[in-house]
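Descriptive analysis of the structure
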Amino acid sequence: MDVVHFPYSGVSFAGYWRWFLGPIYKNILIRLALIVILQTGGALALEAGSAKVEITGPLGAPLNGYGDRMGRGATSVHDPLWARALYLDDGTTKVFLVSTDLCVINPELRERVLALAPAEVPKDNIILVATHTHSAQGAMIKQHPFRFVSGRFMPEVLESTARGIAQSMHEAYNRRRRAAIGFGTAKQDDLSANRRYRSGPVDEQIGVILVEDADGNAISVVANFAAHPTSVPDSDHYTYSADYPGFYCDDIEKGAAEGCVALFLNGAEGNQTITAPKGTDGWERTEAVGRLLADRVRATANKLTCGEATLHTACVRPELPPALGAAYAPTQTFLQTLEINDLLMAFVPGEACVELALELRNRALQRGYQSQFTVGLANDYAMYFVARAHYADLTYESVCSNYGPGMEDWFYREFGKLMQKGDAPPASLTPPAQSREIPGAMVLRLEGEPYALGYQRGRHFATEITALYQSRVFQPLNGGRLFPDTGFWSYWPKFMNPTPLSLPVLGMASHKWLTGISVPLMREIEGMAEGAGLPFDAVWLLQNSGHITATQDKPLLFQAPFCTIFAAVGDRAGADQLLVGRNLDWNEKDPPVVTEVYPAEGQPFIQVGFAWNEGLFTGMNAAALVVALERNPLQPVPVRSGLPLEFLLRSILQDCQQVSEAVPLVEASPDLAGYHVLIAGFTEKGAPEAVVLSREPSTAAREAEKGLLLGTLPSDANADPDTVKRYVRVLEQLEEERIIGREEIERVLSNVESSNGGADAIWNPTTRHSVVFAPKQRTLYVAFPKEDGRPGPYTAMTLKGTPEHE
Amino acid sequence: MSEAVRTYTGNRSAGYSKYRRRRNKRKGLFRAVTALFFATLLWSWWSTRDVHSLGALLPNDQAYYLCAPDFLQRRAAIAESAAWNAVPESSSLHTIRQALSNRFGQAEWLVNNVFQGPVYLSGQDLDKFSDVLFATRMSRIGALAEKAFSLFPSVKNKKVGEVRLRYIESSGYYYAVRGRILLVSRSDAALAGALTLPAERMLGEDALAALATREGDADLVCTFHSSGSEWVANVVENAQFSAQWLPRAFRIHFQGSPRQEWRERLAPLLEGVTPQPLPAPLDGLISVSCNFEKTLPQLWTGIATAWGDSFPLASVPDFVATPFRKTEAWSAFGDNLARHLGPAIRLTLGAVDQNAMLPTPEFAAQCQLIADDTPAWPPEIEADPAGYTPEDMTPRFDKESQRLTIPTVDGPSLQPTFAAYGDGVFVSTSSALAEAILAVPPKEDILPQPANLFVRIQPHATLDAFYNGALQFVQLGLVRNYDPATFEAAVTPWLRQCEQVHSIVASASYEDGTIRLDAELSMLP
């Protein structure tokens, strides 16, 4: 147990007075000087008072916390619910810390309580906290769709609850008396566990605050412990109960002097739950955790020494990051901190997952605080705050997180601003991307950390990305084109518009395609979203829009003949040793963009594609590794289970140097069916190599024959007829060439010959770019369609960087 | 007077003769004027004789005939009726009221002389009313005034075939006068046709008199015939309706016979039905009292057949039936109860619960019980056995309150409640509404007029309830093309309009193949 001694006296408050009133003749001057010092700090007159008032709702009122209750009313009371208030006044700062046996503090409740609260305390110094019991009255939330969890809105329940809470504050204020305070921490010692990941992090700390009066009697014992109060047995699903915090409070209050009020402040309980001590179950488990918690808190409190304190409160009403659920997700919230000497208490308006609390604590300690408590469910409810690393997981917490993975940084940043000690880290400024024109396209140079890469791109193409989001995600959804024809969404009458609900649902569902994404890539998408001014989920839906559309059997992006790729390898490529040609066929007429990426870590690389990540299937890195992809239109678009293939190729470009490193990554992709991926480069010894990987039906790696490697073999029985015709033409034009040079490849790629109006042409009406890679020179030659759709001139671009094999 | 001596010079006889000549001339002029006067008088009398039959100028094959029997006397009263306040200000109907109240912009004497008897409107086009033929009998002065009016330059003569019509350029109307009969139409063909009717197409005086036959003191009587408009022709034949404006109300009466196809569709509902004494409806936003001499299942089948294939509730929805399928005892009770509900049924939309998880309409019904073999009430089924969870939708019977409830989801507005009440069974979708209604003794009143269906609507309260419910969806962006501001702007004028309306009541009955409907819109004092 880690006990923090009160810094001023080192003795209890009562002892302090006995010491002070001792023989006056002893060291009188020294004591007077001490008074002056203490008074200078303004901390000589701590007053405190506490009270509790029952707020159990009426039978029949709906309980909050579980949607499966469907608003059904409470049928019985297992144990009463209370509002417990602690009033603190250091002579300068007056604070109310109020813990309520409720599930959340919703805006309607806070507003009403503030209206009824004692006027002596500034509204911003009133801290309302819910213990998060899932067995307390709902009925106080007016806003949809939260009524589906909290039940019908009952103004009378809101009023009686608010009056009870306010009454506890009035009584606490009226009972104020001279007081001293101390704080410390204990280890919770196996009372809680991570409910989402077996070996996931747990907040081991119990925060304890003891407030005593002049006689050394406890006015209040405050515990801060992180775990969901969801332990009420299923058989009592409609029963009022304060859950384990009720047992904690009961235990403390019964064991303390009369009038002592135990406050329970839940912590970052987002992904924390209680354990089952000694195999207990049902109510026994609930009670065991409550009482064991009380034991640990009591043991800590007994060792605390109390004294005077300086209080400091701070609050901010920051804008939340943009969210898809604009109709119901708040855009602004309320953050609050309370500092008691060197203790920092951070009050979170929702359910923070433990990773955030642990990191916030680290940061607070680094800035000079002795202790830090994170208190959840305070003042407002912005749902879950999830760590970036878990945003991609399809867990309850991640789908209930509206504000994207960047919420984690927002959390540290906003609380950092409220801390008095130390300095908040300076905000980093991302320089804008540099761009230049080449014939037919724009070249964008990106540089820096992953977030900066994304931000530069998002900022540069904000207009385009927003327009794309509108046209490919929002409008199709709004027009009903992305809805399934059956089930819930099919029951909506025409005059109603389900988009405000379906959009965030679709956003949540899209998290599954983040599975396996690396943190740097996640950061890059965050940067892109922020640069474009869109919610993360919006940008991610845009990334997946083609996939969503295609898998609804309403193909938008995948109806074109898809690409031509081939490589000349070894002597067949002459002095270049390796040349790769590719035409990308893409049904959308997106403006072409070449992106040079110089990441802080990994290989610099160059990609040819569009403003947006989608369709980035052509690239080469500084290690001379080339990747290109084509799709077989005959194969149905598979339901993707992981990251978009653009990100797979992107990872290869950034992280791999040889073909042998890239092949396992492609083979491991669960979503390769229907695609051919060409990877070409040089071995460590400088030998050229190229393979085409496909999974039709099993994964196969095909190598060059006679120095020529085609994306699709004309003899492939699974290939569609147009693709076969294209590759027959490629073969016809190249097979007679003993050495295939760059000019020959350009000529082949520019071939517009067609027997059916264009679909079987190598350069066809949907060709968006044509590239010849000369990896040995780190050079690529890119051409884009002219206004009439015919091939434009090839422009040479060289990638800067030092390949290791040379 | 001057005393000056007058001296006459010249030829005396000549002077005399001159005097005489002047006097004779004056006499001649006087005679001429007098003659002209009498001639004009004679011409006026002659030309304005009431020699034409109005029945001969109206075709007998019009799709509709509208007659205002006391137009002149009732004109001001109609214009002053508060019922007009129920019509939105933007409606073109207000032009009629304006025209009535400002005498069509004409002098009072002129209006009084143009509209001397009943006014008739008729035509073929019931969709666009493009061929309305207006006919009235003028007074002699009115007829003369027309003759003077026809001299105005804005009135042109126009020939249609062999018929000469007058055309008022400024308004686009054609008119013609035969004796004292004034015929007006926007359609020259319709007007010319009326003036050249062969004898077999003339309506005739008897039929004309029948058009003006009315129930009570109707201000307007309208008769529809089978041709003319698809929507009328497809549903009813020989339809008649009349309307009456009262100082604070507007009444209509309608009667007609369903056409063959509809008669067949309505047969399960209406066959053998006669007007019945109806019990006074339950209080509510929209209240219905009906008696089709059928049990509830039979009535339901009748409605479903009449509605056609698109009837949304052709079978009892699962969420209604399932609770009674939980146990055999409840199933038997539910089936037996349903079979015995009727024939007098009262249904009301009591309120819309705005605080439910979603805005929820609350309905209540009071059904008579057919006496034979009625299900026992209270139901002899185990009362709320231990072990039922709140999610279990098995019906519960509370012996103390003698009420049967079915727990569903959400709060009281979705808690079906049954109780014995009056001469039958009370059913409500909402326990809160049930509580309010069952707290007062059942209404035993019988409505004054026997009928098969009675409906009463409180327009303002109803619209307000649905507006507030819909607004919750609008605020979430779930209603296309509306945000809260535009939605409020769209609904507020209607709310304001309805504020002055006390109620709309309607009763309908069926007998001998004829449907009769009476409706009244009452305004608040």
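Refer to the structure above for everything that follows.
Residues numbered from 1 in each chain as written. Chains lettered and ligands numbered in written order. Predicted model: local features only at pLDDT ≥ 70, side-chain atom pairs only at ≥ 80, totals over all residues. Heavy atoms only, no water.

**A word on the interface of chain B and chain A**
Let me state the cut-off plainly: It only takes one pair of heavy atoms within 4.5 Å for two residues to be counted as in contact. The term buried area refers to how much accessible surface (probe radius 1.4 Å) is lost by two components on association, counted for both of them together. When a carboxyl oxygen of Asp or Glu lies within 4 Å of a side-chain nitrogen of Lys or Arg, that pair is called a salt bridge. Any pair of nitrogen or oxygen atoms within 3.5 Å is treated as a polar contact; in protein, a donor-acceptor pairing is required on top of that, and neighbouring residues in sequence qualify only through side-chain atoms on both sides.
Counting residues at the interface gives 22 residues for chain B, matched by 24 residues for chain A. Carbon and sulfur atoms supply 57% of the area that chain B and chain A bury against each other, a total of about 2100 Å² over both sides. Across the pair Arg152 of chain A and Asp353 of chain B runs a salt bridge whose closest N-O atoms are separated by 2.6 Å. Connecting chain B to chain A are 16 residue pairs in polar contact (both at pLDDT 80 or more).

**Regarding the sheet that holds strand S8 (residues 205-213) of chain A**
Residue and element names in this part refer to chain A. Note the threshold: Paired strands, as defined in this entry, are two strands with at least two bridges between them according to DSSP. Going along the chain from the N terminus, every DSSP run of H or I of four or more residues is numbered as a helix, and every run of E of two or more is numbered as a strand. All axes are obtained by fitting lines to C-alpha atoms, using only the stretch in contact for helices, and the reported angles, taken between N-to-C directions, cover 0 to 180 degrees.
Taken together, the eight strands give an open sheet; going across it, the order is S5-S4-S3-S1-S6-S8-S9-S11, and neighbouring strands pair in mixed fashion. Taken across any chain shown, the strands that pair with only one partner, and hence form the sheet edges, are strand S5 (126-130) and strand S11 (261-266). Across the sheet, the mean angle from the axis of one strand to that of its neighbour is 25°, orientation sign disregarded. Both strand S1 (residues 47-54) and strand S6 (residues 177-187) contribute to a ladder of two bridges, which runs antiparallel. Paired with Ala48 across the strands is Arg177, a residue of S6. The sheet strands contacting helix H7 (residues 282-302) are S6, S8, strand S9 (218-225) and S11, and the helix crosses S8 at an angle near 55°.

**Some words on the sheet that holds strand S21 (residues 564-569) of chain A**
All names here are of chain A. Spatially, the six strands line up as an open sheet ordered S30-S21-S22-S31-S32-S33, and their pairing is antiparallel. The open sheet has two edge strands, strand S30 (708-710) and strand S33 (795-798), and neither has a second partner. Adjacent strand axes in the sheet meet at a mean angle of 15°, parallel and antiparallel pairs treated alike. Two strands pair when backbone bridges link them, and strand S31 (residues 767-774) and strand S32 (residues 779-783) are joined in this way by five bridges, in the antiparallel orientation.

**Quick notes on the pairing of strand S11 (residues 286-291) of chain B**
Residue and element names in this part refer to chain B. Condition: Exposure categories follow from relative accessible area, calculated using a 1.4 Å probe and restricted to protein chains: below 20% of the type maximum is buried, above 50% is exposed, and the middle band is partly exposed.
When you tally the buried positions in S11, you get five out of six residues, the bulk of the element. Two elements, S11 and strand S12 (residues 341-353), share six bridges in a ladder whose sense is antiparallel. By the bridge assignment for S12, Val288 is matched with Leu347. Note: S11 against strand S18 (residues 453-457), five bridges, orientation antiparallel. Across the sheet, the residue bridging to Ser289 is Phe454, located in S18.

**Thoughts on helix H14 (residues 499-509) of chain A**
Among the residues making up H14 of chain A, those that are buried are Thr499, Pro500, Ser502, Leu503, Pro504 and Gly507 of chain A. Residues of H14 of chain A that are buried sit in contact with helix H13 (462-478) and helix H16 (536-543) of chain A.

**Remarks on unusual backbone geometry**
With an omega of -5°, the peptide bond running from His144 of chain A to Pro145 of chain A counts as cis. Relative to the helices and strands, Pro145 of chain A resides in the loop between S5 and helix H4 (147-150). The linkage connecting Gly342 of chain B with the following residue, Pro343 of chain B, adopts the cis geometry, with an omega of 0°. The residue Pro343 of chain B is located in strand S12 in this model.

Everything listed here is a matter of coordinates, which is why it stays silent on function.
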